Amino acid sequence: MYRRHLIAASGALLAAPRHLAAQGAPRRATIAMDWALQGVTAPWTMAEDRGWFREAGAEIAVTRGFGSGDTVVKVASGAVELGYADVYTLMRFLAQNPAQRMVAFFMVHDRSALSLAVMADSPIRQPADFAGKTLAAPPGDASRSVFPLFAQKAGFDPGAVRWLDVSADLREAMLLRRQADGISGHVTTVAMNIRGAGLPREAVRFFPYSDFGVPLYGHVLFSTTAFAEANAPVLTACAKGTVRGLRAMIADPRAAAEAAKRREPLLDVDIEAERIRIANDMMFVTPHVRANGFSAVDMDRLDSTMKEVGQAFGIANPPPASQLYTTRYLPPPADLAFAAS
């Protein structure tokens with residue numbers, strides 16, 4: 001998947017980014033999400049629909065994505081100005097495309113939800129038990145890509161696991177049919193797909209990588225360095241609107257799910273509200289966020305995880321955290337304080 005993205009990017013990057021030709025225009029931008037609009041993307045759709053971006057100083061339109069890798073390519077090519085994607089996917093793209101310059105300006109997920117999942121009655125009780133087992137996942141799944149790091153931390157050879165290549169829509173079915181001992185995937189995605197299959201969330205057990213020695217961050221907001229330097233107020237407005245949206249979603253998951261349904265009528269409010277609650281507990285609201293506010297990045301933690309994930313991706317020299325993430329475009333600390341209302 002990543003190679004396909006990079007190949008697609010090679011042609012797209014030749015085109016002149018449209019934002020460079022419009023620096024004198026009103027402060028407008030489009031932000032691409034990582035996937036389809038869902039309950040967990042309500043902070044941005046609410047910020048657009050309710051005018052919170054506008055009040056902060058910019059007109060920002062929210063559009064769906066087709067995977068973190070695709071979103072990174074779209075931002076790099078100038079197809080959109082802002083993106084929301086996995087920080088390590090962004091790191092990988094930059095390492096493989098050193099001529100490209102992009103910057104993350106807001107850390108959305110203080111904790112990653114990359115994980116493995118097994119049936120509740122599985123004999124797999126600790127990470128080392130995965131050795132010798134069969135796992136199923138799409139080849140480009142982020143949790144699968146980072147699995148070697150999880151295995152390394154657990155003290156077993158990642159090659160001791162047999163992987164079955166399946167499409168995303170068949171992954172959970174392989175687990176439920178006992179055709180695989182486990183699957184890899186994002187906790188919120190797997191949990192909701194299990195519920196969609198008619199089973200309770202408790203039917204599966206998760207092994208979040210962040211609980212087993214892999215303290216990964218998750219998604220970031222980012223842009224090209226060129227757009228950021230020429231349009232700093234847009235990035236700051238995006239950060240302000242994001243914080244307002246996050247606070248609203250955390251305070252009332254169901255209201256956020258209902259707001260998301262107004263953008264995507266086929267969404268199930270009950271399912272999206274539960275997805276939001278899981279995401280709040282796992283990714284958005286951590287003790288660190290409560291104590292230090294949103295996007296309070298521990299640069300040592302980010303740097304060390306980038307190096308470790310870089311090794312898992314086979315990247316010899318991943319960029320340092322200071323080249324990837326900046327606080328330059330954040331609003332004042334008081335505007336980033338955690339509040340659930």
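Once a new chain begins, its residue numbering starts again from 1 and follows that chain's sequence as written. Residue-level local features of this predicted model are given only where pLDDT is at least 70; pairs of side-chain atoms are given and counted only at 80 or more, and the full residue set underlies all totals for whole chains, interfaces and linings. Only hydrogens and water are set aside; all other atoms, that is, all heavy atoms of the structure, feed into the side-chain values.

Chemist: Explain the packing of helix H2 (residues 42-49) against helix H11 (residues 253-263) to me, please; I cannot follow it from the model alone.
Modeler: Pairs of packed helices are described in terms of their axes, by the angle between the two and the distance that separates them. Note on geometry: axes are lines fitted to C-alpha atoms, helical ones only across the stretch in contact, with angles between N-to-C directions running from 0 to 180 degrees. A run of H or I in DSSP counts as a helix once it spans at least four residues, and a run of E counts as a strand once it spans at least two, with each numbered from the N terminus. The interhelical angle for the contact between H2 and H11, taken along N-to-C directions, is 70 degrees, at an axis separation of 9 Å. As the angle between them shows, H2 and H11 are arranged roughly perpendicular. When the axes of H2 and H11 are compared, the crossing they make is left-handed. Facing Ala42, Thr45, Met46, Glu48 and Asp49 of H2, the residues of H11 in contact are Ala256, Ala259 and Arg263. Residues are grouped as follows: nonpolar covers Ala, Val, Leu, Ile, Met, Phe, Trp, Tyr, Cys and Pro; charged covers Asp, Glu, Lys and Arg; every other residue, Gly included, is treated as polar. Residues that form the contact of H2 with H11 fall into these classes: 4 nonpolar, 1 polar and 3 charged. Should an angle lie under 35 degrees it is considered roughly parallel, over 145 roughly antiparallel, and from 65 to 115 roughly perpendicular; all remaining angles are considered oblique. Helix crossings fall into two classes, left-handed where the near helix is turned counterclockwise from the far one by less than a right angle and right-handed where it is turned clockwise. By the convention used here, residues are in contact when the closest approach between their heavy atoms is within 4.5 Å.

Chemist: Teacher, can you tell me more about the layout of surface pockets here?
Modeler: A pocket here means an open set of points on a 1 Å grid, computed over the protein atoms alone, that has protein on both sides within 12 Å along at least five of seven lines. A cavity is instead a set of points where a 1.4 Å probe fits but cannot get out; residues with an atom within 4 Å of a point line either one. Grid points are joined across faces, edges and corners, and a volume is the space filled by probe spheres set on the points. Taken as a whole, the largest pocket holds about 1100 Å³ of empty space. Secondary-structure elements contributing two or more residues to the lining of the largest pocket are helix H1 (2-12), helix H4 (68-77), strand E3 (82-86), helix H6 (142-154), helix H7 (171-176), strand E8 (182-186), helix H8 (187-196) and helix H12 (269-284). Each residue belonging to the lining of the largest pocket can be placed in one class, and the counts come to 17 nonpolar, 18 polar and 7 charged. Reported here for the second largest pocket is a volume of approximately 290 Å³. Together, 14 residues line the second largest pocket, and Gln100, Arg101, Met102, Thr225 and Gln323 are the ones closest to its centre. Elements with a minimum of two residues in the lining of the second largest pocket: helix H5 (87-96), strand E4 (102-107), helix H9 (225-230) and helix H15 (321-324). When grouped by side-chain class, the residues that make up the lining of the second largest pocket number 8 nonpolar, 3 polar and 3 charged.

Chemist: I would appreciate a short explanation of the sheet that holds E4 in the present structure.
Modeler: Remark on secondary structure: sheet strands pair via backbone hydrogen bonds, oriented parallel or antiparallel. Strands are treated as partners if at least two bridges between them are detected by DSSP. With mixed pairing, 5 strands are arranged side by side in an open sheet as E2-E1-E3-E10-E4. Both outer strands of the open sheet, strand E2 (59-63) and E4, are each paired with one neighbouring strand and no more. The average angle at which neighbouring strand axes cross in this sheet is 30 degrees, direction not considered. With 5 bridges connecting them, E4 and strand E10 (residues 219-224) associate as antiparallel partners. Looking at E10, one finds that methionine 107 is bridged to valine 220. Of the strands in this sheet, strand E1 (28-32), E3, E4 and E10 touch H4, which is tilted by about 150 degrees from E3.

Chemist: When you look at the confidence of the model for the protein chain in this model, what are you seeing that I'm missing?
Modeler: Caution applies to low-pLDDT parts of the model: their predicted coordinates are not meant to be read in detail. On a scale of 0 to 100, pLDDT captures the predictor's confidence in every residue. Looking at the protein chain, pLDDT values average 90 and 92% of them are 70 or higher. Under a pLDDT of 50 for its full length, residues 1-26 has, in the predicted model, 32 contacts with residues more than four places off or in other chains.

Chemist: For this particular structure, what's the right way to read the sheet that holds E8?
Modeler: A sheet is described by the order of its strands in space; here 5 strands give the open sequence E7-E6-E8-E5-E9, paired in mixed fashion. Whereas interior strands pair on both sides, the edge strands pair on one side only; in this sheet they are strand E7 (162-165) and strand E9 (204-208). The average angle at which neighbouring strand axes cross in this sheet is 30 degrees, direction not considered. Here 4 bridges tie strand E6 (residues 134-137) to E7, and the two strands are oriented parallel to one another. Across the sheet, the residue bridging to leucine 135 is tryptophan 163, located in E7. Sheet contacts for H6: strand E5 (114-119), E6, E7, E8 and E9; angle to E5, the most-contacted strand, approximately 90 degrees. Along the sheet, H8 makes contact with E5, E8 and E9, crossing E8 at roughly 120 degrees.

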